[in-house]
Amino acid sequence: MNAREIHLAARPQGLPGPDAFRLAETEIPDPAPGQVLIRNLYMSLDPGMLLLIGAYPDIPMPPYEVGAPLHGDAIGEVVASGEPSVKEGSVVLHRLGWREYALADATQVRQVDPHAYPSVSTYLAFGLVAYAGLTAVAGLRPGETVFVSSAAGATGSMVGQLARLLGAGRVVGSAGTPEKVAHLTGRLGFDAAFDRHDGPIADRLREAAPGGVDVYFDNVGGEQLRAAIEVMNPHGRIALCGALARQSAGGEPDPGPGDPMRLIGKRLTLRGFTMSDHLDLAPEFGRRLRQWLADGSLVREETVIDGLENAPQALLDLVRGAYTGKVVVRLTR
Ligand SMILES: NC(=O)c1ccc[n+]([C@@H]2O[C@H](COP(=O)([O-])OP(=O)(O)OC[C@H]3O[C@@H](n4cnc5c(N)ncnc54)[C@H](OP(=O)(O)O)[C@@H]3O)[C@@H](O)[C@H]2O)c1
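Residues numbered from 1 in each chain as written. Predicted model: local features only at pLDDT ≥ 70, side-chain atom pairs only at ≥ 80, totals over all residues. Heavy atoms only, no water.

By the naming in an unreviewed UniProt entry, the protein goes by Enoyl reductase (ER) domain-containing protein and is assigned to Nonomuraea jiangxiensis.

Laid out in C-alpha cells, this is it:
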C-alpha cells in the first residue's frame, strides 16, 4: 500500500505559491528495531513553516529541503513497532507531519493519553506556548492589563482566554477584520479589541488600554511591537513569541523594536522564547486545561481541514487570515 506526503518542490523567493509543494506517493515502510510506524491522524499548520520554505539566511532553524517531505507537529497512532516500550495502538506526538505515515525513531515520539480531550487534535493547539508566555516568560500578575496581537489566531485566542483565567485585570487584542474583533469581545470574552488595519495601532491600543499595558504577548513584531512599546507601563514585560509580520511578508526583515531609549526609560523587559524551553510546564498546563475545558471556562478554537492534499493551500490561507483559532489537517482517508 502507498501513502502520500508533501514535498518541497522548489524554494520560492518570498511567499510560496501552490507550485512550491508536490504531493508524492511512497511505499509504507516497516519499522526497524528502535523505530515505530505511525499512521498520522492530524498535523498542525503553523505560519512559521513559511520561513522554512523560503531561503532566509538568518532563521534560527534549518530550512526544509527541496525534494524532501516537509515536517511539523503531528499526532498519530502507532501501527507497527520495533520498540517494546511503544506498543501498537499507542497515540504519539511527534515532528513528522506533512505525511500520512511516518517512520520515527521511538526516542523522537511522546506517548499521550488519547482520552484526555474530546479530540486528540487538542494536543496540537498552542495552549502551552500561551501559558508559558504569560506565566514563566512575562510573569503575569493578578489585575494587570494584557495585550495580545493576532488575538483570534491559534496562540492569541488561547492567550486572551488564559490571561483572564490567570487573573488579568484587562485583556485587549488586535485582529485583522471587524468580524474577528467582534468574535474577540463576544465569544472569547476580551474586554476590548481593535482592527489592526484601522488607523495608527498605538492610538487604537491607547483607546483599548487607557491604563497602559503591563504584559504584551507578541505574535507579530513590526508595527504592533513598536506600538505596544509606546503604550507599555513602566516595568512592563513583552513575551516575544512570533513574527507574523515577517512571515506574511514573505520573510522581509523586520526593523525591530525601534528606539532603545524608550525601553530603557520604562525599564521594559523584552524576552524571546520558544515552547521547547518550557516543556516542564506541560503536565501542570495539561491538568489545568482539562479542568477549564470541562467546566466550560475556556473555548477550544479549532479549524479542521480535511486531507493532506489541501494542506498547502490551507497554510497559505492561514497566513492571509482566513481562519480563527488553531488550524489542523485531518490526515486519515
Ligand atoms: N515561540 C514559539 O515556540 C512559537 C510556538 C507557536 C507559534 N509561534 C509563532 O507565533 C505566531 C502565531 O502563531 P499561530 O500559529 O498562533 O498563528 P496565527 O495567529 O493563527 O496566524 C494566522 C493569523 O496571522 C495573522 N496575520 C497575518 N499577517 C499578519 C500581519 N502582517 N500582522 C498581524 N497579523 C497577521 C492573521 O490574523 P488577522 O487576520 O487577525 O490579522 C492570521 O489569521 C507565529 O509567528 C508562529 O510562528 C511561536
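Picking up after the structure, the text goes on.
Below, the discussion takes up empty space enclosed by the protein. Applying the stated rule across the entire model yields 1 cavity of 30 Å³ or more. The space that makes up the largest cavity amounts to roughly 70 Å³. Taken together, T122, A125, F126, A154, S157, M158, L289, L293, L298, R300, E301 and K326 form the lining of the largest cavity. Broken down by secondary-structure element, the contributors of at least two residues to the lining of the largest cavity are α3 (154-165) and α9 (282-294). Per element, the largest residue contribution to the lining of the largest cavity is 3 residues, and it comes from α3. In terms of residue class, the lining of the largest cavity is made up of 7 nonpolar, 2 polar and 3 charged. Both domain 1 (2-125 + 301-330) and domain 2 (127-276) contribute no fewer than three residues apiece to the lining of the largest cavity. (1 Å grid on protein atoms, 1.4 Å probe; cavity = no way out; pocket = protein on both sides within 12 Å on 5 of 7 lines; lining within 4 Å. Points joined across faces, edges and corners; volume = space filled by probe spheres on them. Helix = DSSP H or I, 4+ residues; strand = E, 2+ residues; numbered from the N terminus. Nonpolar A, V, L, I, M, F, W, Y, C, P; charged D, E, K, R; others polar. Domains from an automatic or database assignment.)

This part covers the packing of aromatic side chains. Aromatic ring pairs are reported here in terms of the distance separating the ring centres and the angle at which the planes meet. In total, this model carries 6 aromatic pairs according to the counting rule given. When the centroid spacing of 4.8 Å and the interplanar angle of 15 degrees are considered together, the rings of F147 and Y216 count as stacked. In this pair, F147 is assigned in strand β8 (residues 145-148) and Y216 in strand β11 (residues 213-218), connecting sequence segments 69 residues apart. For the pair shown, F147 and Y216 are each scored as buried. Three or more aromatic residues link up through ring pairs in this structure, and these residues are F147, F194 and Y216. The ring of F126 has K326 lying over it, and the distance from NZ or CZ to the ring centre is 3.7 Å. (Phe/Tyr/Trp six-rings, centres within 6.5 Å; stacked < 30°, edge-to-face > 60°. Buried < 20%, exposed > 50% of the residue type's maximum accessible area, 1.4 Å probe, protein only. Lys NZ or Arg CZ within 6 Å of the ring centre and 35° of its normal.)

With numbering aligned to this structure, UniProt lists the feature "domain: Enoyl reductase (ER)" (unreviewed entry) at residues 17-329. Helix makes up 28% of residues 17-329 and strand 25%, with an end-to-end C-alpha separation of 19 Å. (UniProt positions renumbered as here; feature names shortened; annotations may be inferred.)

Turning next to the site of the ligand. In the neighbourhood of the ligand, 30 residues make up the surrounding shell, with S150, T155, G176, R196 and Q247 lying closest. Within the contact set of the ligand, an oxygen atom lies 2.7 Å away from a backbone nitrogen or oxygen of M275. Summarising the interface, the protein chains cover 92% of the accessible area of the ligand, which totals 920 Å² for the free molecule. At the level of secondary structure, the elements contributing two or more residues to the shell around the ligand comprise α3, α7 (244-248) and α10 (311-319). In terms of residues, the shell around the ligand owes the most to one element, α7, which gives 4 residues. Here the residues of the shell around the ligand sort into 15 nonpolar, 12 polar and 3 charged. (Near = heavy atom within 4 Å. Polar contact = N/O pair within 3.5 Å; in protein donor to acceptor, adjacent residues only side chain to side chain. Areas by Shrake-Rupley, 256 points an atom, 1.4 Å probe, with all protein chains shown as cover.)

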